[in-house]
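Below, each chain spelled out in residue letters.
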Protein chains: 2
Amino acid sequence: MGPSRSAAFALETHPSDYHHWRLAVEPPLATLTLAVAEDSPVVPGYKLKLNSYDLGVDIELADAIARLRFEHPEVRAVVITGGLDRVFCAGANIHMLATSTHGFKVNFCKYTNETRLAIEDACAHSGQHYIAACNGTTAGGGYELALACQEIYLVDDGNSAVSLPEVPLLGVLPGTGGLTRVVDKRKVRRDLADVFATLGEGIKGKRAVEWRLVDGVFPRSRFQEAVRERALALAAEEPPHAPGILLDALSPAVTADSVRYRHVELQLNREARTAELTIHGPNGPQPATSESIHAAGADFWPLRVFREIDDALLRLRFHNDEIGLVLLKTRGDLNAVRSLDTTLYQLREDWLVNEILLLMARTLRRLDLTARSLFAVVDEGSCFAGSLLEIALAADRIYMLRDAAGAVRLASSALNGGLLPMTHGPSRLQVRFMADPAHVDDIVGESLPFDTDAAEEAGLVTAAADEIDWEDELRVAIEERVSLSPDALTGMEANLRFAGAENADSKVFGRLSAWQNWIFSRPNATGERGALTLYGKPERPQFNWRRT
Amino acid sequence: MGPSRSAAFALETHPSDYHHWRLAVEPPLATLTLAVAEDSPVVPGYKLKLNSYDLGVDIELADAIARLRFEHPEVRAVVITGGLDRVFCAGANIHMLATSTHGFKVNFCKYTNETRLAIEDACAHSGQHYIAACNGTTAGGGYELALACQEIYLVDDGNSAVSLPEVPLLGVLPGTGGLTRVVDKRKVRRDLADVFATLGEGIKGKRAVEWRLVDGVFPRSRFQEAVRERALALAAEEPPHAPGILLDALSPAVTADSVRYRHVELQLNREARTAELTIHGPNGPQPATSESIHAAGADFWPLRVFREIDDALLRLRFHNDEIGLVLLKTRGDLNAVRSLDTTLYQLREDWLVNEILLLMARTLRRLDLTARSLFAVVDEGSCFAGSLLEIALAADRIYMLRDAAGAVRLASSALNGGLLPMTHGPSRLQVRFMADPAHVDDIVGESLPFDTDAAEEAGLVTAAADEIDWEDELRVAIEERVSLSPDALTGMEANLRFAGAENADSKVFGRLSAWQNWIFSRPNATGERGALTLYGKPERPQFNWRRT
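One structure accompanies this document, and this report is about it.

Calculation notes
- Residues numbered from 1 in each chain as written.
- Chains lettered and ligands numbered in written order.
- Predicted model: local features only at pLDDT ≥ 70, side-chain atom pairs only at ≥ 80, totals over all residues.
- Heavy atoms only, no water.
- Buried < 20%, exposed > 50% of the residue type's maximum accessible area, 1.4 Å probe, protein only.
- Helix = DSSP H or I, 4+ residues; strand = E, 2+ residues; numbered from the N terminus.
- Pairing = 2+ DSSP bridges.
- Contact = heavy atoms within 4.5 Å.
- Least-squares fit on C-alpha atoms with pLDDT ≥ 70 in both.
- Core = buried A, V, L, I, M, F, W, Y, C linked by side-chain atoms within 4.5 Å.
- Salt bridge = Lys/Arg side-chain N within 4 Å of Asp/Glu carboxyl O.

Focus: the pairing of strand E17 (residues 325–331) of chain B
Residue and element names in this part refer to chain B.
Phase 1 of the analysis: For E17, the buried fraction is high: six of the seven residues fall into the buried class.
Phase 2 of the analysis: Looking at chain direction, strand E16 (residues 274–280) and E17 are connected through seven bridges and run parallel. Bridge pairing in E17 links Ala275 to Val326.
Phase 3 of the analysis: Note that E17 and strand E18 (residues 373–378) share four bridges and pair parallel. Among the inter-strand pairings, Leu325 is bridged to a residue of E18, identified as Ser373.

As structure tokens, this is what we get:
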């Protein structure tokens, strides 16, 4: 089998280390050119032909998107294009998929989906517009990458097409939001989408425009210039910011059973199939003005700590799939967290503060979408306030110690009022209190911390326990949780976490990815004679024709 | 293996033939009492112990719900209760599930979900309120049945609990909307829902009320009377109607490769894995007043034809799972269909007409949710107008003949304006034209039929072909479709058919059922040592602990 835990590939990178992307910054534009080095897969075992990608390619893309936001705020439009001859991108590498475990496939798709959403987030909230310049074959995940951009332009050379060939050629779905974005985002008519998604060769030229699959086509002779003009026009709509800040490496200390960052620790207990993710609050005086926040840059606690949490979650997903339950803990000063939250809220119009808030929101959504059971543990010395309260609210359960001194507390801040929304739109408090929406405002507006009794009364706690019962109660809850079927828990949590109406973003994870999960595990795709298994081989797949 | 195509059980029934339910009508109340005959499973092979159900039990329930609407419009509140000692309902029979094929499990869950939605539809749109009187153990699908009711009352006897034990005991999800309805409909706090759904023994008494799992508890001594009082209060809110009409049996003529009803034919081509579903329009003079419609009763064409379509769809799902593609055809007079639609629209306040419209809408939703490829074929003699145009709009593609005479036409009616909504709320035209919402009104308001050119221009046609190309084009399209992976098509269609925001109803099918599909096909549930397989046996399940 291919990628798995043992392949502990790096999840951090830097443009100077990119193998597959070239990032060229010429404010107000930037160009991201994909020229996949076919001999540099993230783990050995396959070649990345024809600008096809694996996780390593996407880790670089995610890094570039993040750096463009923080390091290059003077860039207002980003052109993504292909750097190989006559190919924009051929999508996820099929041999990588065919040789990966089910769990890796699912997590690979989840990560690429999150990266695509980060592009849309930048377009919507950072004033950084992405344009796909499809200068050649744009197939499968290649077209899905284009779909994540705000506008798509295709070269009109009589040959280059956009396509989603997964259903006809591989017997699986386009797994990176393609079907959802075609009908929900680009509003392609559903019957045309049906034709498109079953047509291996795709659609090119004028018809691709008529069907709303792309925003325009240009002949090769003036393609680059036409896209550049459009990018400049989009860039002109947005005020540029400068200067950016540098994102330094997180470089955690990694041992067999722990990952230690500056403010975050991930402690693994493989035998018990649990992990503890401990977040340390800010320490000492903190910047309270735009100037001092910009001066602190990547060292500013909220930025650093959420980058660390994000990295830790990815390590859990990719390198520690035997961990079923994550205990979420905090250590620090409740009021220091609240105070920083207040600073962020007041300065939210500052471009850097805005970016930090958006990063916090994306990281929290990554947590919501992590297929592990999450228990928040609110005990002595914890500091679940405001932005860190969201960590607890993302958990499946919140356990809180009722200490004799009444020192264990939770607290809200202005950041709980909707600035850190879930994938489907509402805040975590809104989802939690769907039965009583007015209660959300009460909690957000509450200026005092909640001791355990008050937190329980306010509905913020799943179970509270006195000191004498605390350890036993928590131990029993943990043991029970890790004894349950991991598949059933994944499905249950995916269904209980996202109450309320769904939108296109959440449909990618809730509807499309769930169907893909099923298809990935069916013999028609991944069996010995399945279409994914046999791709590129002379044999034809053999299907069990029964429809469900 | 258990139930499959060979078990061609009946999908029609009548209260006089019920094995498992007793329907007692005492206007304005009715009582549906579940007393499952354990020795009468729908196919041999298992016992229906402890008021557990199989498809046969649910077919009777669906029949009762339909008859209550049409035959007993004087009933304004329906109490569902248990008829065995100390048990309301123990949910779907586990041995039936464990011995069924994957396809049967999926279709069984889909059908039971549709039946639960029919209960909610009656509460919301027919002024017929359902109350669950949980007079004993209410477990799994039993609690999900209660969740579909408008109010849930539980006996407070120190023992009877509501529970969703699927995750802890079976390693699967509650498959009939339980998780969705707990958080989305009843707005149970998500962490409490997490505790509830992992607690095999469930929740009883006052805590069940506090957690919003039930609306009230009463001691056994006054349980029946208290529920009755509440039912009478609900019934008093609604104006009763009378008299009802009788729903006669459809009794189609069934051969090895066809099912023939009065107005509908289902022709199977098993070798090609296709079917033709042909719908015949109204013939001769039709009722045009409330009085004449009531007099026509079950013979009234719109009622009869949609009942027949509904039955045909169920036969396709349960008895013909090798059919991958259904060609939807009509034969008759376009204007006769439109004219009847106009009558229905004008008389929509009449209770019977309202019920007919609701039945049409439910049948069309059953079509949307049928996991087979659907091609509408608009050719000579067809009558895709208004309500039958919805059949075409439900299809994945619409093929239309361009005949020299220009006699092949489509037409809209007032019924396309939103009276026949999809599961997630919008009309099929709204979903089709998400890119241009104003166009929907143009089409609904168009008083003239669309010939092929006009239909194509209006975006109503996927592909039009002249007479000389027609047969070839259709043949190639059909051959291509049935060559594709059935799993990938199921997933693709589920993702392309439902553009737009999702609600709780559609989340049951889109999110919950998709996850359940995956879980059903995983070894942790259905493998040799899976939890579902080993249920009731002394061995403990063995899980692969890796989380995705």
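Points about the side chain of His263 of chain B
Residue and element names in this part refer to chain B.
Phase 1 of the analysis: Checked against the element boundaries, His263 lands in the loop between strand E14 (258–260) and strand E15 (264–269).
Phase 2 of the analysis: His263 gets classed as buried once you look at its relative accessible area, which sits at 15%.
Phase 3 of the analysis: Residues within four places of His263 in sequence aside, it is in contact with Thr278, Ile279, His280, Trp301, Arg304, Val305 and Glu308.

Digging into the relation of the copies chain A and chain B
Phase 1 of the analysis: Least-squares fitting of chain A to chain B yields an RMSD of 0.0 Å, with the superposition described by an axial translation of 0.0 Å and a rotation of 180°. The superposition operator between the copies reduces to a two-fold rotation axis. Judged by C-alpha distance, Trp518 of chain A is the residue of chain A that lies nearest the rotation axis, at 2.0 Å.
Phase 2 of the analysis: The fraction of interface residues of chain A whose copies in chain B are also interface residues reaches 100%, indicating that both copies meet through the same surface.

Quick notes on the nonpolar core
Phase 1 of the analysis: Of all hydrophobic cores here, the largest spans 182 residues; its most connected members are Tyr130 and Tyr143 of chain A together with Tyr130 and Tyr143 of chain B.
Phase 2 of the analysis: Core analysis: the next-biggest nonpolar cluster, separate from the first, contains 83 residues, Leu334, Leu357, Ala394 and Ile398 of chain B among them.

Observations concerning the pattern of salt bridges
When the charged atoms of two side chains lie near each other, side chains of opposite charge can form a pair.
Phase 1 of the analysis: Inspection of every chain in the model, using the stated rule, returns 96 salt bridges over all chains.
Phase 2 of the analysis: Here Glu120 of chain A ties to Arg181 of chain A by a salt bridge, and the two come within 2.8 Å at their closest N and O atoms. Taken together, the residues Glu120 of chain A in helix H3 (residues 102–125) and Arg181 of chain A in helix H6 (residues 178–185) connect sequence positions 61 residues apart. For the pair shown, Glu120 of chain A and Arg181 of chain A are each scored as buried.
Phase 3 of the analysis: Here Asp194 of chain B makes a salt bridge to Arg481 of chain A, at a shortest N to O gap of 2.7 Å. Pair noted here: Asp194 of chain B is in helix H7 (residues 190–196) and Arg481 of chain A is in helix H18 (residues 467–482), and the two residues belong to different chains. With respect to burial, Asp194 of chain B and Arg481 of chain A carry one shared label: buried.

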